[in-house]
Amino acid sequence: MKKIIFLAIFILLAVFAMADDLQVTAYVNRTTIGINDILQYTIEISGSDADKIGTPNLPQLDGFKNQGVSTSSSSSYTMTNGSFQSSVTKKYQYSLSPTRTGSISIPSITIKYKKKSYKTGNIKLNVVPGSNEPAPARASTRNNNSPAENSGKLSDNIFIEIQVSNLNPYQNESVEVTYNLFSKYDVTSLSFKEEPSFIGFWKEDVFTPNRMNLQRTNRNGELYNTMKLKTYAIFPSQTGEIKVDPLKMDVDIRTESRNIWSFGSTKTYTIASKPLSFKVKELPPGAPADFSGAVGNFQLNSSVSETQLKVGDSFTYTLEISGRGNFSNLNIATLPEINHLRFLDPETSSDITASKVNGKKTIRYLVVAQEPGNFSIPSLPFSYFDPGRNKYVTLRSDKYALDVKEGDNIYIPGTTSQASIHLEGSDIGFIIENRVMSSFKPWFDSILYWLLLFVIFLSLPITTLLMKRHTQIAGDMDYQRQKRANRVLKKYLKLATEYYKSANPDFYYAAQSGLENYLTDKLKIARGSRKDQIISQATHLGYSKELVEKINLMFNKCNEARFMPGGFLKENIQTDYASLRDIVAEIAKSRIKGK
Amino acid sequence: MKYYLIIFSLFIMLFPVWADNEDLVSKTADQAITAYHNKDYDTALTHFLYLENNNIINADLFYNIANCYFRQSQIGKAILYYKKALKVDPAHQAAASNLKFILTLTKDKIDTPENGALSRFLLRLYHSFDLNKAALFTAVLFFILIILLILLQTVFQNRDKSLPIFLIFLVVILLVISATISYLKYQNFHSASDAVVIAQTAIGYSGPGVEYTRVFTIHEGMICQIENTNDDWMLIKLPNGIGGWVQTNLLEIVKIKEN
């Protein structure tokens, strides 16, 4: 049951919302306004859907400048006959500032929502010069007795006054322009809205306040809160009549409470200064040749740090212009080229006071003396136009004579860095009286050098080989014995041959000893081994059977001849010698195993 | 016996046969020196150049030729021959000091880079001996190395080997250094990478031809490095790193003639 009721209410609400129309109206706060005032133009949209419409777009308005929009909204809910109604009101308040005087109308504005158009009315306005803003009640009651109190106009109670040093200056002459605020109200805040652009002038900002600082002053018997807003130093760059736009400020003023129920509120006003009009005079004819546009009142000073110099020394040459005038485009004649004096690029410094009018400009040259001699720095002209005396003035710097003496340093022309050269002598050395003049030939190109190195190198493998052989020999006793065997055999054979020739029976001793020693060494068996051992070893090591038999026979014959009585027969010695030789020859030919 | 003969004959063959000409050389040199004494630099130069053309490579000779050219105010040629003398004998004191003097007379200031104390010392050490001394030193070190290796195999065969191994290590290091220096010196001796401007002025172009943009103008006596050569043009690099093409006939290469 509850659900159904909720549903019914929901549907009802939706129906109401659909049926609800929007109401759109537009209105202004005043229909007659001053050109410096601000018009409040409000578009009010009410209806349940008012929230859903965005900020209306204002068309380009003729005669007005849109300064911005502020939005406010309110909602109300009503219950009628048990049904629930909501209504939203949205207000879009535009701040419009008029750009011209006369009759201006704000056209009707169309707002489209859900295929429906809503139109606002046409509003006709009258814009008058100055300010038509009604003077608000002053928060301050201290000025109650002032005569202007009764003035109902805002512009009489708060305004910007201009101080100009000269409205009829010469071209390039400095002019100081100061804007001051005068107010009888309690000003809570200030901001610059539009600053004059000074087209046709070279402009320098001299003073800009960094915070609000109101001071009480008496002006023609009236007390005001005053403040210096801006000071400019301007230099007209063209001649004829030049207009300067007014300075515009946004000022917040606290107003007095009208009754005990309302507090004092703060209201923003735009105030503007009067426009300026200058008549700039052309500089009179007859300017000196070196005149470059300096207007004012100047002095010229010059100095050099030293006049007695040595070659390579440096000194400074200083030009200083001080006074009052247009320093920002002040030019001094450049120095002519002086031979043998090198002027480095000058260092320029300006020391100009905050007024941008008074100051000092310094040009400092570093000069290097390159050659000995007497030189002079000529006098330099500087011309300016003095508006006070209404004529051109030419100043001349002092002339300087320099005495440059021979120094220790040598200046090398054409180089940027000054280098001194230490000379080895004043002339070249004498020729060398070498009459042999052997020709140089690199050894690396000669084969001999490489041959020598190769020979040196070769000695290494040769030594290695020799060493290897040496150790081999030293380590091998059998080899030694074998080598010795031949020697022993030779010895005994020689002995045997001698005995044979003399038919000595010792022949058999020599033959036997020789053979025995030879064979034991050769066959690697111990010395003094018995005959049988020798024979068996010889057989074992592969001597041929015939040879072994012959050896055996030889041994037997020797034994017979030596030890048997009557064993030695002179006639046999011949054949035995022959067979011994035969054996030795055969042994030499034979190869034994394991060798 | 036969081998000794072959080696001996080889030995003889390897040396330049100047025995016959020795007389001629000393005679010509004597004539040149006399002419120089008599301030007849033209004649002196002719005689000295005759010796050079007869394949005599001698630092003193090149030095004397340079002096003759200097006396004739041919600074470029003088610098060239001092450089040649130093190429043969880097330790030639007279040539080095004369070159240093004459370089102050050139129109273009040639900046030599400032070296630290150590590199200056090493450079002086490097230039204090010529190629053959380096070769000799290398050969001696090689000989010592071989001797040490032989000793290692024989005398120290069954002994403590730490001393000979240490010595071998030392000698190998010295040998590597010596061989490297020798190789560098040998390369330098045969190199042809430097050239001297012998004409009054030479213009460097951005390409091999006068139609290219001018890059620089250098004057007589300028020493530069050769980067590339074309038929008539040479790409050179100045000491400050700028490169340009210069006509070959305006320059002469510092080069020892090979015989």
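Thresholds, definitions, all that
- Residues numbered from 1 in each chain as written.
- Chains lettered and ligands numbered in written order.
- Predicted model: local features only at pLDDT ≥ 70, side-chain atom pairs only at ≥ 80, totals over all residues.
- Heavy atoms only, no water.
- Helix = DSSP H or I, 4+ residues; strand = E, 2+ residues; numbered from the N terminus.
- Buried < 20%, exposed > 50% of the residue type's maximum accessible area, 1.4 Å probe, protein only.
- Contact = heavy atoms within 4.5 Å.
- Areas by Shrake-Rupley, 256 points an atom, 1.4 Å probe, with all protein chains shown as cover.
- Pairing = 2+ DSSP bridges.
- Axes fitted to C-alpha atoms, helices over the stretch in contact; angles between N-to-C directions.
- Buried area = accessible area lost by both parts, 1.4 Å probe.
- Salt bridge = Lys/Arg side-chain N within 4 Å of Asp/Glu carboxyl O.
- Polar contact = N/O pair within 3.5 Å; in protein donor to acceptor, adjacent residues only side chain to side chain.
- Nonpolar A, V, L, I, M, F, W, Y, C, P; charged D, E, K, R; others polar.
- pLDDT = per-residue confidence, 0-100.
- Expected span 1.5 Å × (residues − 1).
- Core = buried A, V, L, I, M, F, W, Y, C linked by side-chain atoms within 4.5 Å.
- Domains from an automatic or database assignment.
- Phe/Tyr/Trp six-rings, centres within 6.5 Å; stacked < 30°, edge-to-face > 60°.
- Lys NZ or Arg CZ within 6 Å of the ring centre and 35° of its normal.
- Parallel < 35°, antiparallel > 145°, perpendicular 65-115°, else oblique.
- Left-handed = near helix turned anticlockwise from the far one by under 90°.
- Patch = residues over 30% accessible without salt bridge, like charges linked within 9 Å, V, L, I, M, F, W, Y side chains within 5 Å.

Draft legend 1. Quick peek at the overall build of chain B. If you tally the helices and strands in chain B, you get nine helices and seven strands. Evaluated residue by residue, chain B yields a buried proportion of 40% over its 259 residues. Taking the intrachain contacts of chain B between residues at least 6 apart in sequence as the baseline, contacts between residues at least 24 apart amount to 58%. Split by element, the accessible area of chain B, about 14,800 Å² in all, is 60% carbon and sulfur.

Draft legend 2. Local environment of the sheet that holds strand β18 (residues 266-272) of chain A. Residues and elements named next belong to chain A. Spatially, the three strands line up as an open sheet ordered β12-β17-β18, and their pairing is antiparallel. Strands at the two margins of the open sheet, each flanked by one partner only, are β12 (186-194) and β18. On average, each strand axis in the sheet is inclined to that of its neighbour by 25°, with strand direction left out of account.

Draft legend 3. Examining the interface of chain B and chain A more closely. The interface is formed by 52 residues belonging to chain B together with 38 residues belonging to chain A. Regarding the contact of chain B and chain A, the summed buried area is about 4,200 Å², with carbon and sulfur atoms giving 71% of it. Between chain B and chain A we count zero salt bridges in total. Where chain B touches chain A, the interface holds twelve residue pairs in polar contact (both at pLDDT 80 or more). Those elements that provide at least two residues to the side of chain B that touches chain A are α1 (2-14), α2 (22-37), α4 (59-71), α5 (75-88), α6 (93-103), α8 (131-153) and α9 (162-190) of chain B. Top contributing element to the side of chain B that touches chain A by residue count: α8(B), with twelve residues. A per-class count over the side of chain B that touches chain A returns 29 nonpolar, 17 polar and six charged.

Draft legend 4. Broad picture of the environment of B:D231. Counting through the fold element by element, B:D231 comes out in the loop between β4 (223-229) and β5 (233-237). For B:D231 and B:Q247, which are 16 residues apart along the polypeptide, the C-alpha to C-alpha distance reads 9.3 Å.

Draft legend 5. A look at the sheet that holds strand β2 (residues 32-34) of chain A. All names here are of chain A. In spatial order, the strands read β2-β9-β6; together these three strands make up an open sheet with mixed pairing. The two strands at the open ends of the sheet, each matched to only one other strand, are β2 and β6 (102-106). The sheet shows a mean angle of 35° between the axes of neighbouring strands, taken without regard to direction. Summarising the sheet, β6 and strand β9 (residues 123-128) pair through five bridges and their orientation is antiparallel. Counted as the bridge partner of S103 is N126 from β9.

Draft legend 6. Looking closely at the confidence of the model for chain A. Residues and elements named next belong to chain A. Chain-level pLDDT for chain A is 77 on average; 83% of the residues reach the 70-or-more range. Low confidence marks residues 139-150, where pLDDT is under 50. Its contacts with residues over four positions away, or in another chain, come to 18 contacts. Low pLDDT (under 50) marks residues 410-425, which in the prediction has 15 contacts with non-local residues, meaning those over four places away or in another chain.

Draft legend 7. Seen up close, the side chain of A:T120. Residue and element names in this part refer to chain A. Structurally, T120 is set in the loop between β8 (116-119) and β9. Given the relative accessible area of 5%, T120 is considered buried. At a separation of 2.8 Å, a polar atom in the side chain of T120 contacts the main-chain amide nitrogen of I109. Ignoring any residue separated from it by four or fewer positions in sequence, one finds T120 in contact with V24, T25, A26, Y41, S108 and I109.

Draft legend 8. Fine view of the environment of A:L247. All names here are of chain A. Among the secondary structure elements, L247 is positioned in the loop between β16 (240-244) and β17 (248-254). Considering only alpha carbons, one finds L247 and I271, 24 residues apart in sequence, at a separation of 8.5 Å. Once you skip the residues sitting within four places of it in the chain, L247 turns out to touch I160, Y179, F192, E194, E195, P196, L229, I271, A272 and S273.

Draft legend 9. Main features of helix α8 (residues 573-589) of chain A. Its 17 residues place the ends of α8(A) 24 Å apart at the C-alpha level, agreeing with the 24 Å of an ideal helix rising 1.5 Å per residue. All of the buried residues along α8(A) are A:I573, A:D576, A:Y577, A:L580, A:I583, A:V584, A:E586 and A:I587.

Draft legend 10. Seen up close, the nonpolar core. In this structure, B:F48, B:F62, B:I65, B:Y82, B:V88 and B:I102 are the most contacted members of the largest nonpolar core, which totals 62 residues. Breaking this core down by element, the ones donating at least two residues are α3 (447-475) of chain A together with α2, α3 (41-53), α4, α5, α6, α8 and α9 of chain B. Of all the elements, α8(B) adds the most residues to this core, at ten residues. Inspection of this core shows a minimum of three residues originating in each of domain 1 (14-103) and domain 2 (129-190) of chain B. For B:V88, the residues in contact, after removing those within four places along its chain, are A:F440, B:I57, B:A59, B:F62, B:D130, B:F189 and B:I256.

Draft legend 11. Local environment of the side chain of A:T318. Looking at the secondary structure, you find A:T318 in strand β22 (residues 314-325). Filtering out sequence-adjacent residues up to four positions away, A:T318 remains in contact with A:N301, A:S302, A:S303, A:T362, A:I363 and A:R364.

Draft legend 12. Representation of the pattern of salt bridges. Residues and elements named next belong to chain A. Evaluated as defined, the whole model comprises eleven salt bridges over all chains. Note that R389 is salt-bridged to D386, the shortest N-O span being 3.1 Å. For K405, the salt bridge identified is with D403, shortest N-O distance 3.0 Å. When its relative accessible area of 46% is taken as the criterion, K405 is described as partly exposed. With a relative accessible area of 21%, D403 lands in the partly exposed category. Each member of the salt-bridge network shares a partner with another, and the members are E195, D205 and K230.

Draft legend 13. Geometry of the pairing of strand β14 (residues 215-219) of chain A. Strand direction decides the pairing type here: β14(A) and strand β15 (residues 222-236) of chain A, joined by five bridges, are antiparallel. By the bridge assignment, A:T217 is partnered in β15(A) with A:Y224.

Draft legend 14. Up close: the confidence of the model for chain B. Residue-level pLDDT values for chain B average 84, and 89% of them are 70 or greater. Looking across chain B, the model is least confident in α1(B), with a mean pLDDT of 59, and most confident in α9(B), with 92.

Draft legend 15. Seen up close, the packing of aromatic side chains. Enumeration according to the criterion identifies 32 aromatic pairs over all chains in this entry. Relative to A:Y449, the ring of A:F444 lies with its centre 5.4 Å away and its plane at 85°, an arrangement referred to as edge-to-face. Accessibility assignment for this pair places A:F444 and A:Y449 in one class, buried. Ring centres of A:F444 and B:Y186 lie 5.6 Å apart, and the angle between their planes is 80°; this geometry places the pair in the edge-to-face category. Taken together, the residues A:F444 in the loop between β29 (400-405) and α3 and B:Y186 in helix α9 connect one chain to another. Taking relative accessible area as the criterion, A:F444 reaches 13% and is therefore assigned buried. Judged by relative accessible area, B:Y186 falls into the partly exposed class, the value being 23%. By the ring-pair criterion, three or more aromatic residues cluster together here, those being A:Y179, A:F198, A:F201, A:Y232 and A:F278. The ring of A:F192 is capped by A:K230, whose NZ or CZ atom sits 5.3 Å from the centre of that ring.

Draft legend 16. Local environment of the packing of helix α5 (residues 506-522) of chain A against α8(A). Residue and element names in this part refer to chain A. Relative orientation of the contacting elements α5 and α8 amounts to 15°, with a least axis distance of 11 Å. Classed by the angle they form, the pair α5 and α8 counts as roughly parallel. Between α5 and α8 lies a crossing of left-handed hand. Two secondary-structure elements touch here, α5 through F507, Y508, A511, L515, Y518 and L519 and α8 through I573, D576, Y577, L580, I583 and I587. Its residues assigned to classes, the contact of α5 with α8 shows eleven nonpolar, no polar and one charged.

Draft legend 17. View of the environment of A:G325. One can find A:G325 in strand β22. Taking the C-alpha atoms as reference points, A:G325 and A:G359, separated by 34 residues in sequence, lie 8.3 Å from one another.

Draft legend 18. Spotlight on a nonpolar patch on the surface. Residues and elements named next belong to chain B. On the surface, L163, F166, L167, F169, L170, I173, L174 and I177 cluster together into a nonpolar patch covering about 740 Å² of accessible area. In this structure, L163 sits in helix α9. For L163, a relative accessible area of 53% translates into the label exposed.

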